[in-house]
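Listed below, chain by chain, are the residues.
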Amino acid sequence: MGDTNEIRAWDGDGHVEEWEETFSDKYLEPAFRDRRPKVIETGEFEHDYVWEIDGQRKRVGGSPSSRGGVLSSEYEIMAKWRGPHESGEFHSAKDRIAVMDAEDTWLSVNYPTLFLHWPVAVDPALNQAITRAYNNWVADISNQSPDRLKWVTVIDMSDPKEAAREMERTYEMGSVGVMVLGDYSTKSLDHVDFEPLWDTANQLGMPVNVHPGMGALDAAKAYPSVASDQFLMSVVRGYKSICGSGLLDRYPNVKVSFLESGCTWVDFAGEVMDFSLDNIRDRMKLGSLRSEHKATVERGLPQMTPLEYIKDGRIFIGFEVDDQLLPYMVDKYGTDCWVYASDIPHAHRKPDSAKHVLNRADLSTAAKGRILWEGTARLYGLESPLTKSGK
């Protein structure tokens, strides 16, 4: 691991795109098979597909990309970024590893595509069944090469107790973490209703990973001027609600990550959080707390700053390989909190993204190596190359 040319990246945030096999009889429970998600033509142009789920149409990113083995026209146009569809749709470990090898990536932790919107089905029972089917499928394919293919659990937060049971079930199946969105409808991640999630993550030592997504779809429709940008901004709100609520103190065995939103927002989000908390602390000293501060005070103010949580190995941050401020962020926060992401097979990614890091002239050789794998290893509890080399 001494020379950057020898480094094989550890991808902490790759993706799979659900296809018809994902919700086949092999993975979906019998009681829901007559309501399984189906791929249908939109009719807008040739080979343009959407999911039909309980009478509603849904498309998230490139999911779905095929129907009956016929690729969407869009996928073919964007194949340069997305790679072979057999890899994108995760047909087999062999298909995905071929792409990883071509991009000098040893290990990948995969996230969903369809489930970056919540819910995918209006009926909670169906939504939970579809979620379980996805977890069954991604575990099955990943287990064809468990050393190189890792995965995180998808949950339905409409019933936090059921979500906790799914975390326990999938942990036994090999999941290395759980994906959450930054908020769900009107509830932030520190809401009391979500305590089963945090209790279970703490008991299992399961990382909670905040990924960009749309968890407040109703708000996006009703208030597009403030909620339509939630895909990325929800990660920032998740950061504020987790770091500013004392959650990391109440659940000391939980690590959290904030992914795929670049890294340049972290300082700003910390300042926004500090502005609110400093106001509360000052009011506590003066005896002038307002009623809206009561819940924050009762649940406990955070005992450390975000920087201290990061230095303590509790918080990890994704980054884009072309973030201009990455050298400043690495200098301030250290080399071991960063989660490298290939974003395979999404269309907006940079192919050969690890090489973009290695070719940067504004990062040291040592920093390049560590941000490509060490944060991923520490976040997901994997044996680090440092450990293997005895460093």
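Before reading on, note that the structure itself is shown above.
As the structure is a computational prediction, the values presented were derived from the model and not from experiment. (Residues numbered from 1 in each chain as written. Predicted model: local features only at pLDDT ≥ 70, side-chain atom pairs only at ≥ 80, totals over all residues. Heavy atoms only, no water.)

Caption draft 1: Spatial organisation of the overall build of the protein. Check the secondary structure of the protein and you find 18 helices and 16 strands. Computed over C-alpha atoms, the radius of gyration of the protein comes to 21 Å, within 12% of the 21 Å expected from 2.2 N^0.38 for 391 residues, which places it in the range of a compact globule. Dimensions along the principal axes, computed over C-alpha positions, put the protein at roughly 65 × 50 × 40 Å. Buried positions account for 57% of the 391 residues belonging to the protein. (Helix = DSSP H or I, 4+ residues; strand = E, 2+ residues; numbered from the N terminus. Rg over C-alpha atoms; globule rule 2.2 N^0.38 Å. Buried < 20%, exposed > 50% of the residue type's maximum accessible area, 1.4 Å probe, protein only.)

Caption draft 2: Spatial organisation of the side chain of K58. Mapped onto the elements, K58 comes out in strand β4 (residues 56-58). The side chain of K58 is buried and forms no salt bridge, while D218, the nearest opposite charge, is found at 9.4 Å. Apart from the residues within four sequence positions on either side, K58 is in contact with V50, W51, P64, L114, H117, P119, V120 and L217. (Lys, Arg positive; Asp, Glu negative; His and termini not counted. Salt bridge = Lys/Arg side-chain N within 4 Å of Asp/Glu carboxyl O. Contact = heavy atoms within 4.5 Å.)

Caption draft 3: Looking closely at the nonpolar core. One finds W198, F258, I315 and W338 to be the most contacted residues of the largest nonpolar core, which totals 102 residues. For this core, the leading source of residues is helix α5 (residues 124-142), giving nine residues. In this view, W338 contacts C263, I317, G318, F319, M329, V330, Y333, I371, G375 and T376; residues no more than four positions away in its chain are not counted. (Core = buried A, V, L, I, M, F, W, Y, C linked by side-chain atoms within 4.5 Å.)

Caption draft 4: Empty space enclosed by the protein, seen in detail. Scanning all chains against the criterion turns up three cavities of 30 Å³ or more. The computed volume of the largest cavity comes to approximately 80 Å³. Lining the largest cavity are F115, H117, W118, P119, V120, N127, T131, V154, I155, M179, L181 and Y184. The residue inventory of the lining of the largest cavity, partitioned by class, reads nine nonpolar, three polar and no charged. (1 Å grid on protein atoms, 1.4 Å probe; cavity = no way out; pocket = protein on both sides within 12 Å on 5 of 7 lines; lining within 4 Å. Points joined across faces, edges and corners; volume = space filled by probe spheres on them. Nonpolar A, V, L, I, M, F, W, Y, C, P; charged D, E, K, R; others polar.)

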